[in-house]
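Chain residues, written in single-letter form:
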Amino acid sequence: MPQYTVTVATGTQWFAGTDDYIYLTLVGSEGCSERTLLDKPLYNDFERGAVDSYDITVGEDLGDIELVKIEKKKYWVHDDWYCKYITVKTPYGDYIEFPCFRWLVDDKEVVLRDGRARLPQHDKKAGVAKQHRHKELEQRQKTYRWKEWHPGFPMSIDAKAHSELPRDIQFDSEKGVDFVLNYSKAIENLYVNQFMHMFQSSWGDFADFERIFVRIKNTISEYVMEHWKEDFMFGYQFLNGCNPVVIRKCTEIPDKFPITQKLVEDSLERGLTLEEELKEGNIFIADYELMDGVTANATDPCTLQYLAAPICLLYKNSQNKIMPVAIQLGQTPGEDNPIFLPTDDQYDWMLAKIWVRSSDFHVHQTVTHLLRTHLISEVFGIAMFRQLPAVHPVFKLLLPHIRFTIAINTKAREQLICECGLFDKANGTGGGGHVELVQRSMKTFTYKSLIFPEAIKERGMDSKEDLPYYFYRDDGCSVWEAVISFVTDVVNIYYEKDETVQEDEEIQAFVKDVCSFGMQDFDRCEFPKSLQTKEQLVEYLTIVIFTASAQHAAVNFGQFDWCSWIPNSPPTMRKPPPTKKGEVDLKYIVESLPDRGRSCWHLGAVWALSQFQENELFLGMYPDEHFIEKPVKEAMAKFRMTLGEVTKVIKNRNEGKKLPYYYLSPDRIPNSVAV
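In this text the structure is predicted, and so the values were computed from the model without any measurement.

Conventions used here
- Per chain, residues are indexed from 1 in the order of the written sequence.
- The model is predicted, so local features are restricted to residues of pLDDT at least 70 and side-chain atom pairs to those at 80 or more, both for listing and for counting; the totals for chains, interfaces and linings are taken over all residues.
- With hydrogens and water stripped out, all remaining heavy atoms of the structure feed into the side-chain values.
- Each residue is assigned to one of three classes by its accessible area relative to the maximum for its type, calculated with a 1.4 Å probe on protein chains only: buried under 20%, partly exposed between the two thresholds, exposed over 50%.
- Helix numbers and strand numbers start at the N terminus; a helix is a DSSP run of H or I with at least 4 residues, a strand a run of E with at least 2.
- Whether two strands pair depends on DSSP finding at least two bridges between them.
- UniProt positions are given in the numbering used here, feature names are shortened, and annotations may be inferred rather than shown by experiment.
- Residue contacts are defined here by distance: any two heavy atoms, one from each residue, within 4.5 Å place the two residues in contact.
- Whenever two N or O atoms come within 3.5 Å, that pair is a polar contact, provided that in protein one can donate a hydrogen and the other can accept it, and provided that, for residues adjacent in sequence, both atoms are side-chain atoms.
- For patch detection, residues must exceed 30% relative accessible area and be free of salt bridges, and they are connected within 9 Å for like charges or within 5 Å for nonpolar side chains (Val, Leu, Ile, Met, Phe, Trp, Tyr).
- Here, Shrake-Rupley sampling with a 1.4 Å probe gives the accessible areas, and only protein chains in the shown set may cover a residue.
- Salt bridges are counted wherever a side-chain nitrogen of Lys or Arg sits within 4 Å of a carboxyl oxygen of Asp or Glu.
- Positive: Lys, Arg. Negative: Asp, Glu. His and the chain ends are not part of the count.
- Think of each charge as sitting on NZ of Lys, CZ of Arg, CG of Asp or CD of Glu.
- Side-chain rings of Phe, Tyr and Trp (the six-membered ring for Trp) are treated as a pair once their centres are within 6.5 Å; stacked means planes under 30 degrees apart, edge-to-face means over 60, and tilted covers the remaining angles.
- Whether a charge sits over a ring comes down to the Lys NZ or Arg CZ being within 6 Å of the ring centre and within 35 degrees of the ring normal.
- By nonpolar core we mean a set of buried residues, namely Ala, Val, Leu, Ile, Met, Phe, Trp, Tyr and Cys, connected to one another through side-chain atoms within 4.5 Å.
- Between N-to-C directions, angles span 0 to 180 degrees; the directions come from axes that are lines fitted to C-alpha atoms, helices contributing only their stretch in contact.
- Our angle categories are set so that under 35 degrees counts as roughly parallel, over 145 as roughly antiparallel, 65 to 115 as roughly perpendicular, and the remainder as oblique.
- The sense of a crossing depends on the near helix, which, turned anticlockwise from the far helix by less than a right angle, makes the crossing left-handed and, turned clockwise, makes it right-handed.
- The distinction between a cavity and a pocket rests on a 1 Å grid over the protein atoms alone: a 1.4 Å probe fits inside a cavity but cannot get out, while a pocket stays open yet meets protein on both sides within 12 Å along at least five of seven lines, and a residue with an atom within 4 Å of a point counts as lining.
- Grid points are joined across faces, edges and corners, and a volume is the space filled by probe spheres set on the points.
- Each residue gets one label: Ala, Val, Leu, Ile, Met, Phe, Trp, Tyr, Cys and Pro are nonpolar, Asp, Glu, Lys and Arg are charged, and the others, such as Gly, are polar.

Q: Looking at this structure, I do not really get the pairing of strand E2 (residues 21-28). What am I missing?
A: If a strand is regular, its side chains alternate between the two faces of the sheet. Burial runs high along E2: seven of the eight residues are buried. By the bridge criterion, two bridges tie E2 to strand E3 (residues 31-32) in an arrangement that is antiparallel. In the strand pairing of E3, Val27 is matched with Cys32. Where E2 hands over to E3, the hairpin turn is made up of two residues, counted between the paired strands.

The following block contains the structure:
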């Protein structure tokens, strides 16, 4: 009688093993095996990290093994089980791999296809495989449901809490992503417990902030603390800080910012007029118009908090440094909205720069970071689960890049950015201002802005000759090219021609779901509703991977470096923007900055958000072998080699630099948005 040997691998994460009963059924083209209990006498089956083998004897040859059905039944209490993969050895000595990489919970079953990726048009219309494909998506669409968290937001997962999520997309350990626990742990590790409840209590002076500042020798954060008052440091952050996406080349001074030659002539070094400097491409601008009229945090009646919508004019000097030359703290010019200059009193100029840095912090946190990486990646992830079965090559390609993304966002909505959440404790846009910012930003958000090289070019920042020290641009373009090359290799394996893309009903449904549901069909966003060519598919998938990995890394993991010194990135301001010059002193500035309690919560936040996940997987690391085909594995190896070369170039450039830029070094780019 024919005998099949089934090998079952249990995951290595915490609580992956089970004591429940595990049953298996082989489904072949010529018949099915009996439902078989996988159990060896006097042996503890399915322990964490175990690889167990079992023999299944059948009456007749089952033909080609098409599916493997796994069922888990309660032994004593429900005991979840994480199955990595199943391998079937046929009576003829052939090995068939069935990747699983999912949790079996309660008394439910999982049906697996073999590991070869297939497009929907390549399955027989009336075959078992086609039926399995449809059934899997039907179940997923019931499980992964869209929900609007706030009007005007991208859609999110329909779950109020992390515990309500499907087990497959939850964190392995819920404690690892508990914001309250992590913030408290951060505050404890940073030795600032004594200050965290001292709201309304101001610091004495700038040196007083050092009492909560962790000085680690030779780090960027220490360099920032030492040089934050200097104009070159202020300007440098627009290029290589944690929000390097606001600055743009200025070709014409806007009417709302009435800068004249006389105002800035002392700051222009080349002997040219302001108009000539504009034509030469040496003038840049950072406009925080998005902040205009946003509601400031009013959750604490004992502390008034304020926001501003500044405009900052920047000048590339003869040393190619970006220097501030004029700041206006509001969008409407007038006598009560003066233009501050480097030649003003030192405290006037210092406070004007602090206001710009505070506004930049709010835009970074809410728009650059939350909206443009977290929320957008969640949209892609939900649509992927709803429209692409596990056998689809694009599902296999994208799955590592949405790992834990829906979980981290759900936790954020549960604890961080919700009403009365941690965001309200320290941020000037807490209490609803952050919601307004996302809603406003969505009105100008476009699909094209997610294409990294085009976004750089649209801001006029693409010339390496004009801006030789814009490392965010240089490293980002290198990683973008590496990702697009990898995606092209994978797409070419499965899509022979443009018509193959057009005939792929599942990829078309995925793209449409993103646009019509995830982005709520906002025409202004210009997300495609279909893809017609391989080139369009490559670009789309590159956007998904790059946004989740590189773009998130660039704007997330530098938060402690650039924002831990409170005066450089104040999360809130306790006095309104000045309306006149010559009335500011050091005491006024310190009293404008966050109090002791808010400073500590802010420090805990940027520390916690800057940490890599335990057992982090970085770009190019694919330990779960969803793909079994050799050409894809070769493409992955090539991808890792290319990323290694990029890493080496960045490492060599950073040698000896006091301000190294490493956020887009591939060995520091996690695969997904998970923190």
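More follows now that the structure is in view.
Q: Teacher, can you tell me more about the UniProt feature "binding site: Fe cation" (unreviewed entry) in the chain here?
A: Residues annotated by UniProt as "binding site: Fe cation" (unreviewed entry) correspond here to His369, His374 and His552. Look at the named residues: they lie 184 residues apart in sequence, but the longest C-alpha span between them is just 7.8 Å, so in the fold they bunch up. Summarising the element assignment, His369 is placed in helix H7 (residues 346-387). Here His369 is in contact with His364, His374, His552, Val555, Asn556, Gln559 and Val675, once residues within four sequence places are set aside. Mapped onto the elements, His552 comes out in helix H16 (residues 534-556). Ignoring sequence-local partners within four residues, the contact set of His552 consists of His369, Thr373, His374, Thr547, Phe557, Ser672, Val673 and Val675. A distance of 3.5 Å separates a polar atom in the side chain of His552 from a polar atom in the side chain of His369.

Q: I keep staring at a negative patch on the surface and nothing clicks. Help me out?
A: Negative charge collects at one region of the surface, where Glu252, Asp255, Glu275, Glu276 and Glu280 lie side by side. We classify Glu275 as partly exposed; its relative accessible area is 46%.

Q: What am I meant to see in the packing of aromatic side chains here?
A: What describes a pair of aromatic rings is the distance from one ring centre to the other and the angle between the planes of the rings. For the coordinates displayed, the defined rule picks out 29 aromatic pairs. Here a set of aromatic residues connected by ring pairs shows up, and it is made of Phe380, Phe445, Tyr447, Phe510, Phe527 and Tyr540. Residue placement shows Lys40 over the ring face of Tyr43; its charged tip is 4.3 Å from the ring centre. In this structure, Lys40 is placed above the aromatic ring of Tyr54, and the distance from its NZ or CZ to the ring centre is 5.2 Å.

Q: Would you mind going over the environment of Val394 with me for this structure?
A: Among the structural elements, Val394 can be located in helix H8 (residues 393-398). C-alpha of Val394 to C-alpha of Arg118: the two residues are 276 residues apart in sequence and 9.7 Å apart in space. If we skip the residues at most four places from it in the chain, Val394 touches Leu388, Tyr495, Ile507 and Leu541.

Q: Is there a simple way to explain the pairing of strand E14 (residues 311-316) in this structure?
A: For E14, the tally of buried residues reaches six of six residues, placing the bulk of the element in the interior. Along E14, one buried face is formed by Ile311, Leu313 and Tyr315 and the opposite face, lined by Cys312, Leu314 and Lys316, is buried too. Relative to E14, strand E13 (residues 283-287) is paired through five bridges, and the arrangement is antiparallel. Across the sheet, the residue bridging to Asp287 is Ile311, located in E14. As paired strands, E14 and strand E15 (residues 322-328) are joined by six bridges and run antiparallel to one another. Counterpart to Cys312 in the pairing with E15 is Ile327. The turn linking E14 back onto E15 is made up of five residues, and Asn320 within it adopts a positive phi angle of 65°.

Q: I'm lost on the side chain of Gln551 in this one. Help?
A: Note on placement: Gln551 falls in helix H16. On the accessibility criterion, Gln551 (14% relative accessible area) is buried. The residues touching Gln551, leaving out its near neighbours within four places in the chain, are Val245, Thr373, Phe452, Tyr472 and Phe546.

Q: I tried to follow the side chain of Ser592 on my own but got confused; where do I start?
A: Mapped onto the elements of the fold, Ser592 is located in helix H18 (residues 586-592). Here the side chain of Ser592 touches Tyr588 through a polar contact of 2.8 Å, landing on its backbone oxygen. Apart from the residues lying within four places of it in its own chain, the contact partners of Ser592 are Thr572, Met573, Arg574 and Lys575.

Q: How do you make sense of the nonpolar core when you look at a structure like this?
A: Residues Phe510, Phe527 and Trp562 are the most contacted members of the largest nonpolar core, which totals 160 residues. At 20 residues, the largest contribution of residues to this core is made by H7. Judged by nonpolar contacts, the second largest core, of 25 residues, contains Val6, Val8, Leu62 and Trp81.

Q: I keep staring at the packing of H7 against helix H15 (residues 505-518) and nothing clicks. Help me out?
A: When two helices pack together, their arrangement is given by the angle between the helix axes and the distance between those axes. For the pair H7 and H15, the least separation of the axes is 9 Å and the interaxial angle reads 135°. Between H7 and H15, the crossing angle belongs to the class labelled oblique. For the crossing formed where H7 meets H15, the hand is right-handed. Where H7 abuts H15, its residues Val379, Phe380, Ala383, Met384, Arg386 and Gln387 lie against Glu506, Ala509, Phe510, Asp513, Val514 and Gly518.

Q: In this structure, what is going on with the environment of Phe361? I would like to understand it.
A: Secondary-structure assignment places Phe361 in helix H7. Here Phe361 falls in the buried class, since its relative accessible area comes to 4%. Setting aside residues no more than four positions away along its own chain, Phe361 makes contact with Asn427, Cys563, Ser569, Pro570, Pro571 and His602.

Q: So what exactly am I meant to see when it comes to the layout of surface pockets here?
A: If a probe the size of a water molecule is rolled over the atoms, the empty space left behind becomes visible. Taken as a whole, the second largest pocket spans an internal volume of roughly 1100 Å³. Lining the second largest pocket are 31 residues; nearest its centre among them are Val245, Arg248, Arg372, Glu458 and Arg459. Where the lining of the second largest pocket is concerned, the elements lending two or more residues are E13, H7, helix H11 (433-442), helix H12 (452-458) and H16. Ranked by the residues each element gives to the lining of the second largest pocket, the list is headed by H12, at five residues. When its residues are assigned to classes, the lining of the second largest pocket shows 15 nonpolar, seven polar and nine charged.

Q: Help me out: how do you make sense of unusual backbone geometry in this one?
A: Excluding glycine, residues mostly carry a negative phi; peptide bonds, for their part, are mostly trans. Phi at Phe15 takes a positive value of approximately 65°, unusual for a residue other than glycine. Relative to the assigned elements, Phe15 resides in the loop between strand E1 (3-10) and E2. Exposure remark for Phe15: the relative accessible area of 64% places this residue in the exposed category. Despite not being glycine, Phe46 has its phi angle at roughly 60°, a positive value. Tracing the backbone through its elements, the reader meets Phe46 in the loop between strand E4 (36-37) and strand E5 (51-57). Given the relative accessible area of 1%, Phe46 is considered buried.

Q: Where do I start with the sheet that holds strand E8 (residues 95-104) in this structure?
A: One key point about sheets: their strands pair by backbone hydrogen bonds, in either a parallel or an antiparallel sense. Strand order in the open sheet formed by four strands is E5-E1-E7-E8, with antiparallel pairing between adjacent strands. Every other strand in the sheet has two partners, leaving E5 and E8 as the edge strands with one partner each. Shown here is a sheet whose adjacent strand axes are inclined to one another by a mean of 20°, direction ignored. Bridge count for E1 against E5 is seven bridges, and the pairing is antiparallel. Each bridged residue has a counterpart across the sheet, and for Val8 the counterpart in E5 is Asp52.

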